[in-house]
Amino acid sequence: SGYAIDHIKFLQYRMNTWMPNPNFGVDMSVEMGLLPLVALPALISALGVSIFNVQKILLVGWFLVLALSMYLFLRELFPKKDQWIIRLVGVFIYLFNFHLYSFFLQGEQAMLASYAILPLFTLLLYRFAIGKTGLLKTVVLLNVTYLFFNSGGIRGVPLIGPVILIGISIFIYFTLLNWRK
């Protein structure tokens, strides 16, 4: 399960690159990318929220983050008021699938973060490619996005594969489009 029993102690273990508990210890340096994802439940738990309510808050929070990221992307593609049904159906299809449902139940925050980053990353690159945002603003927003939705650092690289492919596709598409002009 992706949910810890004691979130604060779990965060304290993750703050170090060496975990002394199992056998002779384990090198946790590849897990350092999970710190933002581990710190959030620890912060909620430190506020005095019970373990079950922390899980409920995380479930609802990730659900809202996923819905908002896809909605923002679809709002950019379909901005007219009469296209609201496309945005609604798109968010619904993105959120309600059995593949994603299992990650909600297991508490796989790294996988949910990779699902949240894909529409945001695509939105930011698309806005840059069509000239709506400048280079500096796009770079800062992409870095902030990767900070909070990093999919767990080194272990999350395979989860970020679709994001990398989308980035390359957008670059090639708009390069060819500009080259033809």
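Remember, it's a predicted structure, so these values are computed and weren't measured experimentally.

Reading the values: rules and limits
All residue numbers refer to positions counted from 1 along the written sequence of the respective chain. In keeping with the predicted nature of the model, local features appear solely for residues at pLDDT of at least 70, side-chain atom pairs appear and are counted solely at 80 or more, and the whole-chain, interface and lining totals rest on all residues. Neither water nor hydrogens contribute to the side-chain values; these are computed over all heavy atoms in the structure. The numbering of helices and of strands both runs from the N terminus, where a helix is a DSSP run of H or I of at least 4 residues and a strand a run of E of at least 2. Burial classes follow relative accessibility: with a 1.4 Å probe on protein chains only, a residue under 20% of its type's maximum area counts as buried, one over 50% as exposed, and anything between as partly exposed. Throughout, a residue-residue contact means that at least one pair of heavy atoms, one from each residue, lies within 4.5 Å. Method for areas: the Shrake-Rupley scheme with a 1.4 Å probe, in which residue coverage is limited to the protein chains shown. Charge counting follows a simple rule: Lys and Arg are positive, Asp and Glu are negative, and His as well as the terminal groups are ignored. In plain terms, the charge of a residue is placed at NZ if it is Lys, CZ if Arg, CG if Asp and CD if Glu. Any carboxyl oxygen of Asp or Glu that lies within 4 Å of a side-chain nitrogen of Lys or Arg is treated as forming a salt bridge with it. The term nonpolar core refers to a set of buried residues drawn from Ala, Val, Leu, Ile, Met, Phe, Trp, Tyr and Cys, joined through side-chain atoms within 4.5 Å. In this scheme Phe, Tyr and Trp rings, the latter by its six-membered ring, pair at centre separations within 6.5 Å, and the angle between planes marks the pair as stacked below 30 degrees, edge-to-face above 60, and tilted otherwise. Arc definition: directions from the helix axis to the C-beta atoms. Angular values range over 0 to 180 degrees, each being the angle between N-to-C directions of two axes fitted as lines to C-alpha atoms, with helices fitted over their stretch in contact. The labels follow the angle: roughly parallel below 35 degrees, roughly antiparallel above 145, roughly perpendicular from 65 to 115, and oblique for the rest. In this scheme the crossing of two helices becomes right-handed for a clockwise turn of the near helix relative to the far one and left-handed for an anticlockwise turn of less than a right angle. Think of pLDDT as the predictor's per-residue confidence, scored from 0 to 100. Patches here: salt-bridge-free residues with over 30% relative accessible area, like charges joined within 9 Å, nonpolar side chains (Val, Leu, Ile, Met, Phe, Trp, Tyr) joined within 5 Å.

**Some thoughts on the overall build of the chain**
(1) Moving on: Counting its secondary structure elements, the chain contains 8 helices and 2 strands.
(2) Moving on: Counting helices and strands in the order they occur from the N terminus, the chain gives α-β-β-α-α-α-α-α-α-α.
(3) Moving on: The C-alpha extent of the chain, read off along each of the three principal axes, is 65 × 35 × 30 Å.
(4) Moving on: Taking all 181 residues of the chain together, the buried fraction comes to 36%.
(5) Moving on: Within the chain, residue pairs in contact and separated by at least 24 positions form 62% of the contacts whose partners lie at least 6 positions apart.
(6) Moving on: Roughly 11,400 Å² of accessible area belongs to the chain as shown, and the carbon and sulfur atoms make up 72% of that amount.
(7) Moving on: Positive and negative side-chain charges in the chain, numbering 13 and 6 respectively, have mean positions lying 14 Å apart.

**Quick look at the pattern of salt bridges**
(1) Moving on: In total, this model carries 2 salt bridges according to the counting rule given.
(2) Moving on: Here Glu76 and Lys132 are joined by a salt bridge, their closest N and O atoms 2.8 Å apart. You can see Glu76 sitting in helix α3 (residues 51-77) and its partner Lys132 sitting in the loop between α6 (109-129) and α7 (135-148), a full 56 residues away along the chain.
(3) Moving on: For Glu76, a relative accessible area of 14% puts it in the buried group.
(4) Moving on: Here the residues in one salt-bridge network are Glu76, Arg127 and Lys132, joined through shared partners.

**Brief notes about the nonpolar core**
(1) Moving on: In terms of nonpolar packing, the biggest core is built from 35 residues, with Trp62, Leu66, Leu100, Leu112 and Phe149 touching the most fellow members.
(2) Moving on: Elements that contribute at least two residues to this core include exactly α2 (35-46), α3, α4 (84-95), α5 (98-106), α6 and α8 (161-180).
(3) Moving on: With 12 residues, the top contributor of residues to this core is α6.

**Structural notes on the packing of aromatic side chains**
(1) Moving on: By the definition in use, this model includes 8 aromatic pairs.
(2) Moving on: Put simply, the rings of Phe63, Phe92, Phe96 and Phe104 pair up and form one aromatic cluster.

**Let's talk about α5**
(1) Moving on: The complete set of buried residues in α5 reads Leu100, Phe103 and Phe104. The buried residues of α5 all sit within an arc of 105° when viewed along its axis, so they share a single face. Seen from the open side of α5, the exposed residues pointing more than 90 degrees away from its buried face are Phe98 and Leu105.
(2) Moving on: On the buried face of α5, the contacting elements are α3, α4 and α6.
(3) Moving on: Gly107 occupies a position one or two residues after α5 and carries a positive phi of about 75°.

**A word on the packing of α6 against α8**
(1) Moving on: It is at 10 Å that the axes of α6 and α8 come closest, and there the two elements cross at 15°. Between α6 and α8, the interaxial angle falls into the category roughly parallel. The chirality of how α6 crosses α8 is right-handed. Each of Ile117, Leu118, Phe121, Thr122, Leu125, Tyr126 and Ala129 in α6 lies in contact with α8, whose residues at this interface are Pro162, Val163, Ile166, Gly167, Ile170 and Phe174.

**Quick notes on the confidence of the model for the chain**
(1) Moving on: With 95% of its residues at a pLDDT of at least 70, the chain reaches an overall mean of 85.
(2) Moving on: Here strand β1 (residues 18-19) is the element of the chain with the lowest mean pLDDT, 75, and α4 is the one with the highest, 93.

**Here's the deal with a nonpolar patch on the surface**
(1) Moving on: On the surface, Trp84, Ile85, Ile86, Leu88, Val89, Phe92, Ile93 and Phe96 cluster together to form a nonpolar patch covering roughly 810 Å² of accessible area.
(2) Moving on: Structurally, the position occupied by Ile85 is in helix α4.
(3) Moving on: Assessed through its relative accessible area of 41%, Ile85 is described here as partly exposed.

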